[in-house]
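Chain by chain, the residues:
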Amino acid sequence: MQTIVIGHRNPDMDSICSAIAYAELKRKLGMDNVVAARAGNTNERIDLVLHKFGVPAPEFMSDVSPKVADVMETQIISVANDSSIYHAMNSIEKKRIRGLPVVDANNRCLGLLSGWKVSQYLFPQRENAPASREILASISDIAHSFDGEFVVGEPKHSQQKLILMVAAMSLASFRERLRSYRPEETIVFVGDREEIQLEAIANKALALVITGGMGLSAKVRSSAKEGGIRLLSSRHDTATTVLLARGAARIDPMIEPQFTSLSPETPLRSARHVVADSSEYVFPILEPDKSLVGILTKSDFIKPIPRLLILVDHNELSQAVKGADELQIIEVLDHHRLANFNTDIPILFWNNPVGSTSTLVALSYDQHGIEIDRPIAGLLMAGLISDTLNLSSPTATPIDAKVLEHLSAIAGVEPAKLAESIFAVGSPLLTLGPDEVILADCKDYSEEGFGFSVSQIEELGFAHFHEKQKNLLNALEAYRSKRGNYFAGLLVTDVNTQNSLLLISAPPEFLETITYPRLAPNLFELNNVVSRKKQLVPYLLDCLHKIHTTLA
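Numbering of residues begins from 1 in every chain and follows the order in which that chain's sequence is written. Selection of residues for local features in this predicted model requires a pLDDT of at least 70, selection of side-chain atom pairs for listing and counting requires 80 or more, and totals for whole chains, interfaces and linings are taken over all residues. Side-chain measures here rest on the full set of heavy atoms in the structure, leaving out hydrogens and waters.

## Comments concerning the sheet that holds strand 15 (residues 307-312)
Strand pairing requires that DSSP identify at least two bridges connecting the strands. Every helix listed is a DSSP run of H or I at least four residues long, and every strand listed is a run of E at least two residues long, numbered separately from the N terminus. If you walk across this open sheet you meet the six strands as 3-2-1-15-16-17, and the pairing is parallel. Single-partner strands in this sheet number two, and they are strand 3 (59-60) and strand 17 (348-351). One ladder, built from five bridges, connects strand 1 (residues 2-6) with strand 15; its direction is parallel. In the strand pairing of strand 15, glutamine 2 is matched with arginine 307. In this description, contact between two residues means that some pair of their heavy atoms is separated by no more than 4.5 Å. Interaxial angle, 0 to 180 degrees, is taken between N-to-C directions of lines fitted to C-alpha atoms, where a helix line uses only the stretch in contact. Running over the sheet, helix 1 (residues 13-28) touches strand 1, strand 2 (34-38), strand 15 and strand 16 (328-334) and is turned about 175° from strand 2. The sheet strands contacting helix 12 (residues 357-368) are strand 15, strand 16 and strand 17, and the helix crosses strand 16 at an angle near 105°.

This is how it looks when you write it as structure tokens:
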């Protein structure tokens, strides 16, 4: 079982750093197979911090939706296309399923062999019964099917048409019946009836099978050797030996070449629809080159998905990595507003209105009595500084200040110097395209039937904003249209002056509800506003409530 610690889509510094640090804590507490992940790309500031403290970026996971590979059976029992029915039926019995994939020498799937088709062969309709004595097999396969022994003659491995004849009649009737077949294709099954044995040899039958473990006279042995006739011995009685011998036939004619296959990467949700609408019994899982890597049966869909999620820095599924709603979420650590979040079982849910999730992770280490390693302390410092603008944001609390002081002592880094190095690089407006700016730290929300998004970037002044304004607005409008949202906003914050600009794509009636100074049709000046979480989103929700009341 794998446990994934992951932040929101379009992750910021706090999301990345808290995921890494919390995954490390879980490992120190003895949890197996815990990985830190990210649902989006890093940026120059995040990369700077990761490099500074010598920590690799979390694994990129844009989609954690369960896939066929999560539940398919990888201990594959398949049959080669040149296998005998006896071998195939043994495999079906071992796996206890109704059929098996058939593969060639390169493990490419050629089709399916069903137990039903084999049973049709073994137990034909009355009108087809006479033809059941004819099989395509080799004498070696025949001997192997009933564990027979060559008493005279050598095995022959090439396939040919064979006629299985039981000598359960008088000598005269046998002689007449034998002559109605081509002797070079006929295998005679008989017990200790020497006159029948000698007659079969005299008529140049292909082989003679002595059943019941009966002995052979020296005369019969000598005659067979002189006539070049193979003698085989079976410990089983005649009826059993013939039944087993029919299992030596090759499966080639019974392969069903039309079948439904799936890829290991097929989403389980899609596979469920495919399988539900199919009457087939087993579904081969194939790579693009048709090689067989697994099989899926309908019962596999009740297997538990071998992945669990821990969400950090968000608790809204609209902001979570794709597929989060299909996995079991076992923990949430966050410092944002509570959304409409529910689970089937009780979980650890810690939502605390401090300045960053990194603060909560640091407190978690303290609660468990686990020492924080220097690199982890540095990452948590960066997450805390970034989210609180080095404690200058209104979201910062005395707890954040105390935690930052503690982390600074462990990491051996001055908060002011770390903050300066973080905000001095990677201006989003200069290093990213308009679409990337919108997605760099974008959060989607849903309230009172309205969907909306609010993005935020931090800059050292607004010098580069105005030349990018038109393209940024176009990007907001495109994102709003793609998501079907009511509005899409971008908060550009000057970390020096602690002021912001709000660029927003929205219907005219919503723009009219915004009371901040309007600098352009879609641009507003938000002095002393730096927090999306604590200042802007609550204000926009109030504006939405006014619109909702008006429309009602």
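## Comments concerning the environment of serine 364
Checked against the element boundaries, serine 364 lands in helix 12. Take serine 364: its relative accessible area is 4%, and that puts it in the buried class. A sequence separation of 339 residues divides serine 364 from leucine 25, and the C-alpha atoms of the two residues are 8.3 Å apart. When sequence neighbours within four positions are dropped, the list of residues in contact with serine 364 reads Tyr22, Leu25, Leu333 and Trp350. Accessible area is worked out with a 1.4 Å probe on protein chains only. A residue is then buried under 20% of its type maximum, exposed over 50%, and partly exposed in between.

## Notes on the sheet that holds strand 5 (residues 99-103)
Taken in spatial order, the three strands of this open sheet run 4-5-6, and their pairing is mixed. The sheet is open, and its two borders are formed by strand 4 (79-80) and strand 6 (109-114), each paired with just one other strand. Relative to strand 6, strand 5 is paired through five bridges, and the arrangement is antiparallel. Pairing of valine 103 across the sheet is with cysteine 109, part of strand 6.

## Quick notes on the pairing of strand 16
The buried count for strand 16 comes to six of seven residues, which makes it a mostly enclosed element. Of the pairings in the sheet, the one linking strand 15 to strand 16 comprises five bridges and is parallel in character. By the bridge assignment for strand 16, leucine 308 is matched with glutamine 328. Inspection of the sheet shows strand 16 paired to strand 17 by four bridges, in the parallel sense. Within strand 17, the position partnered with aspartate 334 by the bridge is asparagine 351.

## Observations concerning unusual backbone geometry
Backbone geometry places lysine 204, a non-glycine residue, at a positive phi of 60°. Within the fold, lysine 204 resides in the loop between helix 8 (194-202) and strand 11 (207-210). One non-glycine residue, glutamine 498, adopts positive backbone phi at about 65°. Position of glutamine 498 among the secondary structure elements: in the loop between strand 20 (487-494) and strand 21 (499-505). Residue glutamine 498 is classed as buried on the basis of its relative accessible area of 18%.

## Things to note about the packing of helix 1 against helix 2 (residues 44-52)
At a minimum axis distance of 10 Å, the contact between helix 1 and helix 2 shows a crossing angle of 30°. One element, helix 1, and the other, helix 2, form an angle in the roughly parallel class. In this structure, helix 1 meets helix 2 at a crossing whose hand is right-handed. Taken together, the residues of helix 2 that come into contact with helix 1 (itself represented by Met13, Ile16 and Ile20) are Arg45, Ile46, Val49 and Leu50. Of the residues contributing to the contact of helix 1 with helix 2, the split by class is six nonpolar, no polar and one charged. With respect to orientation, any angle under 35 degrees is reported as roughly parallel, any angle over 145 as roughly antiparallel, any angle of 65 to 115 as roughly perpendicular, and every other angle as oblique. Crossing handedness follows the turn of the near helix against the far one: under a right angle anticlockwise gives a left-handed crossing, and clockwise gives a right-handed one. Throughout, the ten residues Ala, Val, Leu, Ile, Met, Phe, Trp, Tyr, Cys and Pro are labelled nonpolar, Asp, Glu, Lys and Arg are labelled charged, and all others, Gly among them, are labelled polar.

## A short note on the pattern of salt bridges
For this analysis, a salt bridge means a side-chain nitrogen from Lys or Arg found within 4 Å of a carboxyl oxygen belonging to Asp or Glu. In this structure the tally under the stated criterion is 23 salt bridges. Close ionic contact of arginine 27 with glutamate 24 constitutes a salt bridge, the shortest N to O distance being 3.1 Å. Here arginine 27 pairs with glutamate 24, and both are found in helix 1, just three residues apart, close to one helical turn. Between glutamate 331 and lysine 26 there is a salt bridge whose closest N-O contact spans 2.6 Å. With a gap of 305 residues between them, glutamate 331 in strand 16 and lysine 26 in helix 1 connect regions that are remote in the sequence. Judged by relative accessible area, glutamate 331 falls into the buried class, the value being 7%. Each of the salt bridges in this network shares a partner with another, and the network as a whole consists of Glu24, Arg27, Lys28 and Asp373.

## Things to note about the packing of helix 12 against helix 13 (residues 374-388)
The interhelical angle for the contact between helix 12 and helix 13, taken along N-to-C directions, is 145°, at an axis separation of 8 Å. For the pair formed by helix 12 and helix 13, the contact residues are Ser358, Thr359, Val361, Ala362 and Tyr365 on the first element and Ile376, Leu380, Gly383 and Leu384 on the second. In terms of residue class, the contact of helix 12 with helix 13 is made up of six nonpolar, three polar and no charged.

## What about the environment of tyrosine 479?
Within the secondary structure, tyrosine 479 sits in helix 18 (residues 465-483). For tyrosine 479 and serine 453, which are 26 residues apart along the polypeptide, the C-alpha to C-alpha distance reads 8.9 Å.

## Describing the packing of aromatic side chains
Here is the rule: rings of Phe, Tyr and Trp (six-membered ring for Trp) pair when centre to centre is within 6.5 Å. Planes less than 30 degrees apart are stacked, more than 60 are edge-to-face, and the remainder are tilted. Counted according to the given criterion, the structure contains seven aromatic pairs. With centroids separated by 4.8 Å and ring planes inclined at 25°, the aromatic side chains of phenylalanine 452 and phenylalanine 487 adopt a geometry described as stacked. Taken as a pair, phenylalanine 452 in strand 19 (residues 450-459) and phenylalanine 487 in strand 20 lie far apart in primary sequence, 35 residues in all. Taking the relative accessible area as the measure of exposure, phenylalanine 452 reaches 0% and is therefore buried. Of the residues examined, phenylalanine 487 reaches a relative accessible area of 0% and is grouped as buried.

## Quick notes on helix 18
By definition, a residue's bend is the angle between the axes fitted to the seven residues ending there and the seven starting there. Helix geometry: helix 18 is bent most strongly at asparagine 471, by close to 35°. All of the buried residues in helix 18 are Phe465, Gln469, Leu472, Leu473, Ala475, Leu476 and Tyr479. Glycine 484 sits one or two positions beyond helix 18 and adopts a positive phi of about 70°.

## Comments concerning the side chain of threonine 397
Following the sequence through the fold, threonine 397 ends up in the loop between helix 13 and helix 14 (398-411). Judged by its relative accessible area of 18%, threonine 397 falls in the buried class. Any N or O atom pair separated by 3.5 Å or less is treated as a polar contact, with the protein-specific requirement of one donor-capable and one acceptor-capable atom, and with residues adjacent in sequence counted only for side-chain atom pairs. A distance of 2.8 Å separates a polar atom in the side chain of threonine 397 from a polar atom in the side chain of aspartate 400. The residues touching threonine 397, leaving out its near neighbours within four places in the chain, are Pro353 and Val354.

It is worth stressing that arrangement in space is one thing and function is another; only the former is reported here.
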